[in-house]
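Read off the chains here:
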Amino acid sequence: MKILTVIGARPQFIKAGSVSRVLKGSGYINEVMLHTGQHFDANMSDVFFDQLGISRPNYQLSIHGGSHGEMTGRMLEKIEKVMLEEKPDRILVYGDTNSTLAGALAAAKLHIPVAHIEAGLRSFNMNMPEEINRILTDQVSDILFCPTDIAVSNLKKEGFEDKPVSVVQVGDVMQDSALFFAEKAEPPKGFAISEEFIVATLHRAENTDNPERLGSIIKAISEIHETIAPVVLPLHPRTRNVIHKLGLKLNAQVIDPVGYFEMVWLLGKSSLVLTDSGGVQKEAFFFGKACVTMRDQTEWVELIKAGVNELVGADYSSIIDSVKRHYGRVVKDENELYGGGRAAERIANYLSGQQI
Ligand code: UDP
């Protein structure tokens, strides 16, 4: 079976790191890799191919920048051409980026079946570009690989039970990557903090595109860094640009985005995780840390229910109070909320027509 995988953004490389390895080992699936170019810096793209052993893309479209519509439109046009040439039996897309939607839509129009990994997640906030991408991608997929029970139940509520598609709970491929690569953890080059620290990430558009929210978050991070514990912040290029443009004063241990092995090291050694990322919320849990999430909703609601993750939005005092409450907590994955690290194996088995 020939599968064309469409990826383009950092979290997708980390997810593909586990799935591609297992697909390769299946002996049944020939995977052709298409990189849209959405993320392109060496430290936002190449490093993950090197570290996670993902095959070099067969196609590199080098599409990045521009508005959402422009980027997605350009991807659609070029992805369609590749599909016409390659004639894959199905395509595989991950998550909720513009690359996900462009891949799924191009395939659906050509009647090529689409498998969506991380299907069924919802924040119920249609202002998020990611929410639009994931809802539309689910609509045109015929295999919906869900990471959690809640994702399955979201799809049921949207009527997917009555559609001629497969909704399959496989667990979360990000846990596979966290478990598999944990032993490769290494400190970022030149890392010099010897005391306890908090690791933070910040890049969600709802924060970076809103000066009031961003200003409040930056002020809170600086205060935490000065009075609670050093905050190590591998800063996303978009956030760095906006902070610079707005002239905001940030006091933290700001470093360039790091590779996965370095990120896993930071998560493992930290005393708390502070983020607005989707993936990092779960990784905090995988590495036994509590998480303070600077968003108003999350797709990973089971972590909130388990009391290991708290949503604090962008409010200055709420962020600081929550950091004080959760700092240093050790959390445990008692109920295997995310499938225990076998999601990629279940996906490969399902695609090969075997029991999962
Ligand atoms: N990540 C990384 N280096 C960094 C920041 C994040 O390797 O400097 C990893 C992180 O561990 C996680 C993924 O990138 O696996 C999350 O991606 P991101 O936060 O960009 O996207 P989201 O999950 O919010 O869609």
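These notes cover the structure that comes with them. Predicted model, so just to flag it, every value in this text is computed and none were measured.

### Considerations on the layout of surface pockets
What the second largest pocket holds in volume is close to 160 Å³. When residues of the lining of the second largest pocket are assigned to their parent elements, the largest contribution, 4 residues, is made by helix α6 (residues 149-157). Taken together, the residues that form the lining of the second largest pocket break down as 4 nonpolar, 5 polar and 4 charged.

### Comments concerning the sheet that holds strand β2 (residues 30-35)
If you walk across this open sheet you meet the 7 strands as β3-β2-β1-β4-β5-β6-β7, and the pairing is parallel. Taken across any chain shown, the strands that pair with only one partner, and hence form the sheet edges, are β3 (59-60) and β7 (166-169). As paired strands, β2 and β3 are joined by 2 bridges and run parallel to one another. Its bridge partner lying in β3, L34 is registered against Y59. The sheet contacts of helix α15 (residues 343-351) involve β1 (2-7), β4 (90-94), β5 (114-117), β6 (143-146) and β7, and relative to β6 the element is tilted by about 160°.

### Things to note about a nonpolar patch on the surface
A surface patch of nonpolar side chains, about 260 Å² in accessible area, is lined by M126, I132 and L136. With respect to the helices and strands, I132 occurs in helix α5 (residues 129-139).

### Overview of the site of the ligand
Near the ligand lie 18 residues; those nearest to it are V258, S277, G278, G279 and E283. Contact between the ligand and R204: an oxygen atom at 2.8 Å from a side-chain N or O atom of the residue. A distance of 2.8 Å is found between an oxygen atom of the ligand and a backbone nitrogen or oxygen belonging to G278. When the ligand sits alone it has 530 Å² of accessible area, and the protein chains cover 96% of it. Classifying every residue of the shell around the ligand gives 10 nonpolar, 5 polar and 3 charged.

### Here's the deal with the pattern of salt bridges
Scanning the entire structure with this criterion turns up 19 salt bridges. Here K2 makes a salt bridge to E86, at a shortest N to O gap of 2.7 Å. One end of the pair, K2, is in strand β1; the other, E86, is in helix α3 (residues 68-86), and 84 residues separate them in sequence. Classification of K2 by relative accessible area gives partly exposed; the value is 22%. Under the relative-accessibility criterion, E86 is labelled buried at 17%. Salt-bridge contacts for D50 lead to R56; the nearest nitrogen and oxygen are separated by 2.2 Å.

### Some thoughts on the sheet that holds strand β13 (residues 309-311)
Strands sit in the order β10-β9-β8-β11-β12-β13 across an open sheet of 6 strands; the sheet is parallel. Looking at the sheet topology across the chains shown, the edges are occupied by β10 (253-255) and β13. Averaged over all adjacent pairs, the angle separating strand axes in this sheet is 20°, with direction ignored. One ladder, built from 3 bridges, connects strand β11 (residues 272-275) with strand β12 (residues 291-293); its direction is parallel. Bridge pairing in β12 links V273 to C291.

### A look at α6
All of the buried residues along α6 are A151, V152, N154 and L155. On an axial view of α6, the arc spanned by its buried residues comes to 155°, and they lie on one face. In α6, the exposed residues that point more than 90 degrees away from the buried face are D149 and K157. Elements that come into contact with the buried residues of α6 comprise α5, β6 and β7. Immediately beyond the C-terminal end of α6, within one or two residues, lies G159, with a positive phi of roughly 85°.

### Considerations on the packing of aromatic side chains
Under the defined criterion, the tally for this structure stands at 13 aromatic pairs. Ring centres 5.2 Å apart and planes at 75° place the aromatic pair F191 and W265 in the edge-to-face group. Of this pair, F191 sits in the loop between α7 (173-181) and β8 (198-201) while W265 sits in helix α11 (residues 260-269), and the two are 74 residues apart along the sequence. Of the aromatic side chains, those joined through ring pairs into one cluster are F180, F181, Y260 and F261. Between R21 and the ring centre of F180, over which it is positioned, the NZ or CZ distance is 3.5 Å. The aromatic ring of Y316 is capped on one face by K219, whose charged end is 4.5 Å from the ring centroid.

### With respect to the nonpolar core
Formed by 90 residues in total, the largest nonpolar core has its most connected members in F145, Y260, L274 and I319. Per-element tally for this core: the top contributor is α11, with 7 residues. When neighbours within four sequence positions are excluded, Y260 is seen to be in contact with I14, F48, Q51, L52, M174, S177, A178, F181 and E283. L4, V32, I79 and I112 belong to the second largest nonpolar core, which has 20 residues in total.

### A word on the environment of I29
Looking at the element boundaries, I29 is found in the loop between α1 (10-26) and β2. For I29 and K2, which are 27 residues apart along the polypeptide, the C-alpha to C-alpha distance reads 6.0 Å.

Conventions we followed
Residues numbered from 1 in each chain as written. Predicted model: local features only at pLDDT ≥ 70, side-chain atom pairs only at ≥ 80, totals over all residues. Heavy atoms only, no water. 1 Å grid on protein atoms, 1.4 Å probe; cavity = no way out; pocket = protein on both sides within 12 Å on 5 of 7 lines; lining within 4 Å. Points joined across faces, edges and corners; volume = space filled by probe spheres on them. Helix = DSSP H or I, 4+ residues; strand = E, 2+ residues; numbered from the N terminus. Nonpolar A, V, L, I, M, F, W, Y, C, P; charged D, E, K, R; others polar. Pairing = 2+ DSSP bridges. Contact = heavy atoms within 4.5 Å. Axes fitted to C-alpha atoms, helices over the stretch in contact; angles between N-to-C directions. Patch = residues over 30% accessible without salt bridge, like charges linked within 9 Å, V, L, I, M, F, W, Y side chains within 5 Å. Areas by Shrake-Rupley, 256 points an atom, 1.4 Å probe, with all protein chains shown as cover. Salt bridge = Lys/Arg side-chain N within 4 Å of Asp/Glu carboxyl O. Near = heavy atom within 4 Å. Polar contact = N/O pair within 3.5 Å; in protein donor to acceptor, adjacent residues only side chain to side chain. Buried < 20%, exposed > 50% of the residue type's maximum accessible area, 1.4 Å probe, protein only. Arc of directions from axis to C-beta. Phe/Tyr/Trp six-rings, centres within 6.5 Å; stacked < 30°, edge-to-face > 60°. Lys NZ or Arg CZ within 6 Å of the ring centre and 35° of its normal. Core = buried A, V, L, I, M, F, W, Y, C linked by side-chain atoms within 4.5 Å.

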